[in-house]
Amino acid sequence: MLMISLSRRPSRRLSFALATALATIPAAVSFAPFAARAQQASDDGLDAVEKQIQDLQKQLQQLKKQLAAEAKAKAAEAAKLKAAENAAPSNAAIAPGGGPGTAAAMGLATAPLAAGALQAQGGAPPPLVPQQVPPNIAPPAAGGTNVNLTPPQAFSDQVPITTVPPPPGSDSLSSASPAILTQMAPGYSLRVGGLALTLGGYVEAPLIYRDHAETTGINSGFGTAIPLPNNPEYYMSEIRGDARQSRWAALAQGNISDSISVAAYLEGDFLSAPPTANAIQSNSYTPRWRLYYAQVDDSDLGLHAAFGEIWSLVVPFKVGMVPRQELIPIDPEAQYVVGFQWNRNFGLRLVKSFDDNIFNVGLAIESPETVYALGPNGVGAPGTTSYYFPGGPTLYSGTSYTNELTPDAVLKVTADPGFGGHYEVYGVARSAQTRTTLGDGGQNHVVGMGGIGGTALYSLFDQKLDLYTTESWGYGMGRYTSSGLPDATIGPNGAAKPLPAATFLLGAIGHPTDAIDIYSYLGREQVSAESFNANGKAYGYGNPLYSNAGCDIQLGAPCVANFSSSTEVTVGAWWRFLEGNNVGVFLVGPQYEYIRRGDFRGIGGAPTVNEQMYILSFRYYPFQ
């Protein structure tokens, strides 16, 4: 429907004449007393004043007629434009070669709007960049869900903007990782120039209870943050509200040609903490930008590139290797779940798709960082070993960083053969660099690290149930774990000693209705010890000669307690309980978590502790 605001204002020439006439009337009337006195002297003077007033009244009537004629002409012009709009097709043309899931198939219009025009494209879906989604993958069905197919009407006719409603099912919960919960689901798009701008985000108010206090908000610690009995917090519970995970997002998309498209995505929240900000897993500097990256897609060549701060290619996908289609746990916990391997950091990514995007091969170069862990005796190497360094001018000086020789490299292959399945395998290659100084000389040590992993996702019962599992194994893969396992310790020569680690995650997500998700996760992360003894002292990580004798005594010491494993069971649900006419969606989500922390055995035993958490989260998505 074409909306044009008709102006009722007169033209500048007519406005000037009208203002002159109105200003003259009071002036003329002001002569009346003078005319009364002049009448005694001359009746001819009074007649002249009366004639002047009559002339002004005639001029005012002529101006009114001209204004009415101008308004009538504009109304006729608007009627012609509206008739032409109603006669034109309502859906955008599909570009050649567009398959399901591409921008062409989703109705991305490339023709620019005329200046001053506001166009709503009926029921056409929002413009999306060509993404490497295989043709046998269908979007979730809308079912009985209200997807707000009527676009808002309150837009100025002075700005060239197109409002495009979201595709059916875009805000549905029927997915292993619904975008409405984890990332920005497609919403209304505003066409500005050649770009479609989509806004997203939500307001969240969660309430968190822990039976062992961690003194933290919505981002729990699954490892060393869980207190042992020697810590007074072990005997204290905590209840806390934390609305800082409220999120904002924006997506700009456009087409350069029928096959080449571009996009930029921004996403942030308020969970920044400058004194503890680091580059290990998620850059939490102020302001906290979770994601900001650009992408270029060429559907003809099957090439897809992205760069910026983006999810690591280690993170699994729901389909293909498509940005904003990552398989992210849907729980409200900001640290996600144990067993989920992830990283949000700087990355350069190139993906090549084959066989109508059924197979994809991707390579990513990502910013490196190494997490070291030692015992109470420090480094057992001769001389001075340097591995952590304070931040420089643009990094926080109170945080330690590592200096690496090579970036992290991730190679991944995905397959979507149909039948509701998605499968992927990946490999990671990385390195750790330290330096040993002896006297006025020294030596750099560079040690290789890496690992492998994979994911299998399967949908059952017409997308009513999604099951998936992810696994990984390798040396120096701790930075990717949700519980914060270390990557390495320091060996007897001052070089990094990578720690073997393994992770496992099993997820089950049910969709009994269009408005309800029920989910459960079972995950485990475990690291192995690497230690040695020298000169009668214990070194490394997980050394059995470390003392844990005070770990079970309140304020007891010593308690080395090198962290070894974390196991989690989580169950929860999301219910979309309220939605209005183009005013967004309200959700409520209860969740229960059981976490078991394990530590390496030492003198005095192997400390363990169990923690229970309850979360009740309320969210409002105004742009859905």
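Keep in mind that what you see is a predicted model, and the values were worked out from it rather than measured. (Residues numbered from 1 in each chain as written. Predicted model: local features only at pLDDT ≥ 70, side-chain atom pairs only at ≥ 80, totals over all residues. Heavy atoms only, no water.)

Draft legend 1. Structural view of the overall build of the protein chain. Each helix and strand in the protein chain was counted, giving four helices and 28 strands. Looking at the protein chain residue by residue over its 624 residues, the buried ones come to 49%. Within the protein chain, residue pairs in contact and separated by at least 24 positions form 68% of the contacts whose partners lie at least 6 positions apart. A total of about 27,700 Å² of accessible surface is found on the protein chain, and carbon and sulfur atoms cover 63% of it. (Helix = DSSP H or I, 4+ residues; strand = E, 2+ residues; numbered from the N terminus. Buried < 20%, exposed > 50% of the residue type's maximum accessible area, 1.4 Å probe, protein only. Contact = heavy atoms within 4.5 Å. Areas by Shrake-Rupley, 256 points an atom, 1.4 Å probe, with all protein chains shown as cover.)

Draft legend 2. Spatial organisation of the pattern of salt bridges. Following the criterion strictly, the structure yields 14 salt bridges and no others. For Arg-290, the salt bridge is made with Asp-269, and the minimal N-O distance between the two is 3.7 Å. Here Asp-269 lies in the loop between β8 (260-268) and β9 (289-298) and Arg-290 lies in strand β9, a separation of 21 residues in the sequence. Under the relative-accessibility criterion, Asp-269 is labelled buried at 3%. With a shortest N-O distance of 3.0 Å, Asp-408 and Arg-430 are connected by a salt bridge. Of this pair, Asp-408 sits in strand β16 (residues 408-418) while Arg-430 is found in strand β17 (residues 421-438), placing the two residues 22 residues apart along the sequence. The residues Asp-408 and Arg-430 share a single accessibility class, namely buried. Taken together, the shared-partner salt bridges connect Arg-247, Glu-267, Asp-269, Arg-288 and Arg-290 into one network. (Salt bridge = Lys/Arg side-chain N within 4 Å of Asp/Glu carboxyl O.)

Draft legend 3. Up close: the environment of Val-571. Within the secondary structure layout, Val-571 lies in strand β26 (residues 563-579). Val-571 sits 21 residues away from Tyr-592 along the chain, and the two C-alpha atoms are 5.5 Å apart.

Draft legend 4. Here's a closer look at the nonpolar core. Leu-181, Tyr-265, Trp-311, Ile-330, Phe-340, Tyr-468 and Tyr-521 are the most contacted members of the largest nonpolar core, which has 35 residues in total. At the level of elements, α4 (179-182), β7 (247-255), β8, β9, β10 (303-311), β22 (500-513), β23 (516-527) and β27 (585-599) are the ones that each hand at least two residues to this core. Apart from the residues within four sequence positions on either side, Tyr-265 is in contact with Gln-183, Met-184, Ala-249, Ala-250, Leu-251, Leu-291, Tyr-292, Tyr-293 and Arg-324. If you look at the next biggest cluster of nonpolar residues, it comprises eleven residues, including Leu-313, Met-321, Val-351 and Val-410. (Core = buried A, V, L, I, M, F, W, Y, C linked by side-chain atoms within 4.5 Å.)

Draft legend 5. Geometry of a nonpolar patch on the surface. Together, Phe-307, Phe-346, Leu-348, Phe-354, Phe-359, Val-361, Leu-363, Ile-365, Leu-411, Val-413 and Val-425 make up an exposed nonpolar region whose accessible area comes to about 940 Å². The set of elements that each furnish at least two residues to the nonpolar patch consists of β11 (344-354), β12 (359-366) and β16. Among the elements that take part in the nonpolar patch, β12 stands out by supplying four residues, more than any other. With respect to the helices, strands and loops of the structure, Val-413 is situated in strand β16. (Patch = residues over 30% accessible without salt bridge, like charges linked within 9 Å, V, L, I, M, F, W, Y side chains within 5 Å.)

Draft legend 6. Spatial organisation of the pairing of β17. Pairing of strand β13 (residues 384-386) with β17, which is carried by three bridges, proceeds in the antiparallel orientation. What sits directly across from Thr-385, in β17, is Thr-436. Hairpin connection from β16 to β17: two residues lie between these consecutive antiparallel strands, with Phe-419 at a positive phi of about 60°. Alignment of β17 against strand β18 (residues 441-460), held across 18 bridges, turns out to be antiparallel. Each residue of the ladder has a partner; that of Arg-430, found in β18, is Met-449. Connecting β17 to the antiparallel partner β18 that follows it, the hairpin turn spans two residues, and Gly-439 within it adopts a positive phi of roughly 65°. (Pairing = 2+ DSSP bridges.)

Draft legend 7. Region of interest: the side chain of His-511. Inspection of the secondary structure puts His-511 in strand β22. His-511 gets classed as buried once you look at its relative accessible area, which sits at 1%. A distance of 2.6 Å separates polar atoms of two side chains, one belonging to His-511 and the other to Asp-466. Ignoring sequence-local partners within four residues, the contact set of His-511 consists of Leu-173, Ser-174, Ser-175, Ala-176, Gln-463, Lys-464, Leu-465, Asp-466, Ile-516 and Asp-517. (Polar contact = N/O pair within 3.5 Å; in protein donor to acceptor, adjacent residues only side chain to side chain.)

Draft legend 8. A look at the pairing of β26. Across eleven bridges, the pairing between β23 and β26 is antiparallel. Across the sheet, Glu-525 pairs through a bridge with Ser-566, a residue of β26. Judged from the 13 bridges that link them, β26 and β27 form a sheet pairing that is antiparallel. Pairing of Leu-578 across the sheet is with Phe-586, part of β27. Taking the residues between adjacent antiparallel strands as the criterion, β26 and β27 are bridged by five residues, where Asn-582 takes a positive phi near 65°.

Draft legend 9. The state of the cysteines, seen in detail. Counted under the stated rule, the structure contains one disulfide. The partner cysteine of Cys-551 in its disulfide is Cys-559, sulfur to sulfur 1.9 Å. What sets the handedness of the Cys-551 and Cys-559 disulfide is the S-S torsion sign, and at about 105° it is right-handed. Cys-559 gets classed as partly exposed once you look at its relative accessible area, which sits at 23%. (Disulfide = S-S within 2.5 Å.)

Draft legend 10. Spotlight on the environment of Gly-375. Looking at the element boundaries, Gly-375 is found in the loop between β12 and β13. Gly-375 sits 164 residues away from Tyr-539 along the chain, and the two C-alpha atoms are 6.1 Å apart. Apart from the residues lying within four places of it in its own chain, the contact partners of Gly-375 are Gly-540 and Tyr-546.

Draft legend 11. Geometry of the confidence of the model for the protein chain. With 76% of its residues at a pLDDT of at least 70, the protein chain reaches an overall mean of 81. Overall, residues 135-163 carries pLDDT values under 50, and its contacts beyond four positions in sequence, including any with other chains, amount to 84 contacts. (pLDDT = per-residue confidence, 0-100.)

Draft legend 12. Up close: the packing of aromatic side chains. Counted according to the given criterion, the structure contains 22 aromatic pairs. Where Tyr-209 meets Tyr-614, the ring centres are 6.1 Å apart and the plane angle is 40°; that geometry is what we call tilted. You can see Tyr-209 sitting in strand β5 (residues 195-210) and its partner Tyr-614 sitting in strand β28 (residues 608-621), a full 405 residues away along the chain. Taking the relative accessible area as the measure of exposure, Tyr-209 reaches 31% and is therefore partly exposed. Each residue in the set Trp-311, Tyr-336, Phe-340 and Trp-342 is aromatic and connected to the rest through ring pairs, giving one cluster. The ring of Trp-311 has Arg-344 lying over it, and the distance from NZ or CZ to the ring centre is 5.1 Å. Over the aromatic face of Tyr-202 sits the side chain of Arg-619, whose NZ or CZ is 4.3 Å from the ring centroid. (Phe/Tyr/Trp six-rings, centres within 6.5 Å; stacked < 30°, edge-to-face > 60°. Lys NZ or Arg CZ within 6 Å of the ring centre and 35° of its normal.)

Draft legend 13. Up close: unusual backbone geometry. Backbone torsion omega between Ala-557 and Pro-558 reads 0°, so that peptide bond is classified as cis. Phi at Arg-324 takes a positive value of approximately 70°, unusual for a residue other than glycine. The topology assignment puts Arg-324 in the loop between β10 and β11. Taking the relative accessible area as the measure of exposure, Arg-324 reaches 8% and is therefore buried. Although it is not a glycine, Tyr-336 adopts a positive phi angle of roughly 65°. You can see Tyr-336 is positioned in the loop between β10 and β11. Classification of Tyr-336 by relative accessible area gives buried; the value is 5%.

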